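The chain contents come next:
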Amino acid sequence: MFKSKTVFVVGAGASCEAGLPSGEALKTNIARVMDIRFNDWGSELISGDYRMVDALRAAARAAGDERGNINPYLHKAWRIRDVVPAAAISIDNFLDAHRGDAQMELCGKLGIVKSILDAEKQSKLKPREPGEADFTLRDLSGTWYVGFLQMLTEGLRRGHAHEIFDNVSIITFNYDRCIERFLAQALADYYDFSPSASQEIVSNLRIFHPYGQVGKLPWQIESGGVAFGSDYGNLLQLAGQIKTFTEGLDDQQILSGMHDAVGDAEVLVFLGFAFHPLNMELLTPGYSTAAQRIYATTLGLSDSDEAVIEDDILRMLGKDDLAFFDQQSLKPEMAKMKCGDFFRHYFRSISAAPEG
């Protein structure tokens, strides 16, 4: 169980351990689903997905075109297909660059939804065939998900399981529902809870999705939930739950909750996070925070970039004006390793009691 107030900031590199795409792979997958093409007569779809076409037709009709002409949307979709994998830092950066272009934003959001649902369906957390068991903890062996479960449950008896998230908050910049899905079943397996009892406990976890997600899981909402990896969700409706950077800034409830969590955190852990300036801005409370220990996975980053990121983190936490000695004592612990390896290496450090 966590003894210090701890916030995990989760990026695409963390979801990769469950089989979800990295930021680069997501751009490629979005480009693939945006490659919507018909034959010369327009009678047969030769590339793309009919569900995407139906969503675009519905959007065109909702915008006032009774015929549901999708040609204006197709040109935006092809722009995403041709530009995003080659030139955009991320799909989020690209959509922010096209702020105000409703058709471009919709195509990008539809691409995100379809790509993430497809990835969930192929992940280590994917649903089994009807009549078979769901994923097992063995399927996630070696990943940070299991390491996180071990930290949560250490020293916490079954009768006190409702306290498991008392000191934990999660801010995830991913659109998937891997964390919620994993925890709901993992706690049921570990403590021998019924699914509903485990789901009720997970519903108490403070988890923020500043860019939205591809729908709530069925147990998270009374009606209209979307099963993990579903083939049947309403893509247009789900696209409405994805946010651009500007829309994230406008959601004061989520923004305020995130800032309170970051501001109160004694321990801050960045997992598979790329430290893009847009995302760092969303995380910034605007005042000096309570941070005592900072950890980050930085696999693939140079030493030079790590130094820049250290400064960015201290600035985000309002600690950049500290005296040199104090800054050194708060220096982030950077680890060039995968998230699962990171949890094994820093298990005691992360879950330790607060200093002083």
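Residues numbered from 1 in each chain as written. Predicted model: local features only at pLDDT ≥ 70, side-chain atom pairs only at ≥ 80, totals over all residues. Heavy atoms only, no water.

Undergrad: Looking at this structure, I do not really get unusual backbone geometry. What am I missing?
TA: Negative phi values dominate among residues other than glycine, just as trans dominates among peptide bonds. A positive phi angle is found at Asp192, which is not glycine, with a value near 60°. Here Asp192 shows up in the loop between helix H8 (178–191) and helix H9 (195–202). Residue Asp192 is classed as exposed on the basis of its relative accessible area of 62%. Positive phi is not limited to glycine here, since Phe275 has a value of about 60°. (Helix = DSSP H or I, 4+ residues; strand = E, 2+ residues; numbered from the N terminus. Buried < 20%, exposed > 50% of the residue type's maximum accessible area, 1.4 Å probe, protein only.)

Undergrad: Got a minute to help me understand H8 in this structure?
TA: With 14 residues, H8 should reach 20 Å at 1.5 Å per residue; the first-to-last C-alpha distance of 20 Å fits that figure. With twelve of 14 residues buried, H8 is to be regarded as a mostly interior element. Elements that come into contact with the buried residues of H8 comprise strand S1 (6–10), helix H7 (144–153), strand S4 (168–172), H9 and strand S5 (206–208). A positive phi of about 60° marks Asp192, the residue just after H8. (Expected span 1.5 Å × (residues − 1). Contact = heavy atoms within 4.5 Å.)

Undergrad: Would you take a moment to explain the pattern of salt bridges for this structure?
TA: Oppositely charged side chains can pair when the atoms bearing their charge come close. For the structure shown, the criterion picks out 19 salt bridges. One salt bridge in this structure joins Arg315 and Asp312, with 2.8 Å as the shortest N-O distance. Pair noted here: Arg315 and Asp312 are both in helix H14 (residues 303–316), with a separation of three residues, about one helical turn. We classify Arg315 as partly exposed; its relative accessible area is 45%. Across the salt bridge formed by Asp341 and Arg344, the nearest N and O atoms sit 2.2 Å from each other. With Asp341 and Arg344 both in helix H16 (residues 339–345), this residue pair falls three residues apart, about one helical turn. With a relative accessible area of 35%, Asp341 lands in the partly exposed category. What emerges from the salt-bridge pattern is a single network uniting Asp35, Arg37, Arg81 and Asp82. (Salt bridge = Lys/Arg side-chain N within 4 Å of Asp/Glu carboxyl O.)

Undergrad: Quick question: what am I supposed to make of the environment of Gln199 here?
TA: Position of Gln199 relative to the elements: it lies in helix H9. The exposure class of Gln199 is partly exposed, given its relative accessible area of 22%. For Gln199 and Ala18, which are 181 residues apart along the polypeptide, the C-alpha to C-alpha distance reads 20 Å. Dropping the residues within four chain positions of it, Gln199 is found in contact with Ala184 and Trp219.

Undergrad: Help me understand the pairing of S4, please; the structure alone is not making it clear to me.
TA: With respect to burial, S4 is a largely interior element, five of its five residues being buried. Residue alternation in S4 divides its side chains into two sets, Val168, Ile170 and Thr172 and Ser169 and Ile171, and both sets are buried. Here S1 runs beside S4; their pairing, made up of five bridges, is parallel. Paired with Phe8 across the bridge in S4 is Ile170. Inspection of the sheet shows S4 paired to S5 by three bridges, in the parallel sense. Counterpart to Ile171 in the pairing with S5 is Phe208. (Pairing = 2+ DSSP bridges.)

Undergrad: How do you make sense of the pairing of strand S6 (residues 267–271) when you look at a structure like this?
TA: The side chains of a regular strand alternate between the sheet's two faces. A large share of S6 lies buried, amounting to five of its five residues. Here S6 shows a buried face lined by Val267, Val269 and Leu271 and a second buried face lined by Leu268 and Phe270. Sheet analysis places S1 next to S6, joined by five bridges and oriented parallel. From the neighbouring strand, Val9 faces S6, where its bridge partner is Phe270. Two strands pair when backbone bridges link them, and S6 and strand S7 (residues 293–297) are joined in this way by four bridges, in the parallel orientation. Following the sheet pairing, Val267 is matched in S7 by Arg293. In this region the chain leaves S6, passes through helix H13 (residues 277–283) and returns to the parallel neighbour S7; the handedness of that crossover is right-handed. (Right-handed = clockwise from strand over helix to strand, strands pointing away.)

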